[in-house]
Amino acid sequence: MNIGEAAKKSGLTAKMIRYYESIGLLAPAGRSASGYRHYTDQDLHTLAFIRRSRDFGFSLEEVGQLLELWQDRQRASADVKSLASRHIDELNRKISELTSLRNTLQELSDHCQGDHRPDCPILKDLESGNCCK
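Not measured: the values here are computed from a predicted model. (Residues numbered from 1 in each chain as written. Predicted model: local features only at pLDDT ≥ 70, side-chain atom pairs only at ≥ 80, totals over all residues. Heavy atoms only, no water.)

A. Broad picture of the packing of helix α3 (residues 41-55) against helix α4 (residues 60-71). Two elements in contact, α3 and α4, have axes whose closest approach is 10 Å; the angle formed by their N-to-C orientations is 135°. The orientation of α3 relative to α4 falls into the category oblique. Of the two possible hands of crossing, α3 and α4 adopt the one that is right-handed. On the side of α3, the interface is formed by Gln 42, His 45, Thr 46, Phe 49, Ile 50, Ser 53 and Arg 54, while α4 contributes Leu 60, Val 63, Leu 66, Leu 67 and Trp 70. Partitioning the contact of α3 with α4 into residue classes produces seven nonpolar, four polar and one charged. (Axes fitted to C-alpha atoms, helices over the stretch in contact; angles between N-to-C directions. Helix = DSSP H or I, 4+ residues; strand = E, 2+ residues; numbered from the N terminus. Parallel < 35°, antiparallel > 145°, perpendicular 65-115°, else oblique. Left-handed = near helix turned anticlockwise from the far one by under 90°. Contact = heavy atoms within 4.5 Å. Nonpolar A, V, L, I, M, F, W, Y, C, P; charged D, E, K, R; others polar.)

Structural data, given as structure tokens:
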């Protein structure tokens, strides 16, 4: 199948498929006599794996590691679990950070009168940022 069909079936864009191929996550596609990319069912399976890994928030580097583990039938499941555990730790860190940001913004929003006056604690907090020390 051509790249358009592969994109439709995988739920990815043709641009992303070419990108994944260019960085080595997907093996270079076979080419037709006229030079068009040709994808196999195995390529679609790999694209589905990549897409699902990205859906879980794994970085491209981590997806590469997962692909290597997936393709290595002699792998230890402990290696996969270790990678997943590190990712879970990172997700928990991000969740904590986002929760803190949400709580702070909620507090600022709760203290904003939201009326015709120009005084606004949200903007006041934003302007007090420490970006220029």
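B. Spotlight on the packing of helix α1 (residues 3-10) against α3. α3 packs onto α1 with a crossing angle of 45° between their chain directions and a minimal axis gap of 10 Å. Here α1 is positioned oblique relative to α3, judged by the angle of their axes. Where α1 crosses over α3, the two elements pack in a sense that is right-handed. On α3, the residues touching Ala 6, Lys 9 and Ser 10 of α1 are Leu 44, Leu 47 and Arg 51.

C. Quick look at the side chain of Glu 62. Inspection of the secondary structure assignment puts Glu 62 in helix α4. Lacking a salt bridge, the buried Glu 62 has Arg 86 as its closest oppositely charged neighbour, with an N-O distance of 6.1 Å. Looking at Glu 62, its side chain comes within polar contact range of the main-chain nitrogen of Ser 59, at 2.8 Å. Setting aside its immediate chain neighbours within four residues, Glu 62 contacts Gly 57, Leu 83 and His 87. (Buried < 20%, exposed > 50% of the residue type's maximum accessible area, 1.4 Å probe, protein only. Lys, Arg positive; Asp, Glu negative; His and termini not counted. Salt bridge = Lys/Arg side-chain N within 4 Å of Asp/Glu carboxyl O. Polar contact = N/O pair within 3.5 Å; in protein donor to acceptor, adjacent residues only side chain to side chain.)

D. Expanded view of the pattern of salt bridges. The final tally for this structure, using the stated rule, is five salt bridges. Residue Asp 115 is joined to Arg 117 by a salt bridge in which the shortest nitrogen-to-oxygen separation is 3.0 Å. Taking relative accessible area as the criterion, Arg 117 reaches 47% and is therefore assigned partly exposed. Glu 127 is the partner of Lys 124 in a salt bridge, and the nearest nitrogen-oxygen pair spans 3.5 Å. With Lys 124 and Glu 127 both in helix α6 (residues 121-127) and three residues apart, the pair spans about one turn of that helix. Pair check on accessibility: Lys 124 and Glu 127 agree, each one exposed. Each of Glu 90, Arg 93 and Glu 97 takes part in salt bridges that share partners, so that together they form one network.

E. The arrangement of the UniProt feature "domain: HTH merR-type" (unreviewed entry) in the chain in detail. Mapped onto the present numbering, the UniProt feature "domain: HTH merR-type" (unreviewed entry) falls on residues 1-69. Note that residues 1-69 is 61% helix and 6% strand, and that its end C-alpha atoms are spaced 27 Å apart. (UniProt positions renumbered as here; feature names shortened; annotations may be inferred.)

F. Quick look at the packing of aromatic side chains. Tallying each qualifying case throughout the model produces two aromatic pairs. Relative to Tyr 20, the ring of Tyr 19 has its centre 6.2 Å away and its plane inclined at 50°; by these criteria the two rings are tilted. The exposure class assigned to Tyr 20 is buried, which follows from its relative accessible area of 4%. On the basis of an interplanar angle of 10° and a centroid distance of 4.3 Å, the ring pair of Phe 49 and Trp 70 is categorised as stacked. Residue Phe 49 is located in helix α3, and its partner Trp 70 is located in helix α4; the two are separated by 21 residues in the primary sequence. Its relative accessible area of 18% is what places Trp 70 among the buried residues. (Phe/Tyr/Trp six-rings, centres within 6.5 Å; stacked < 30°, edge-to-face > 60°.)

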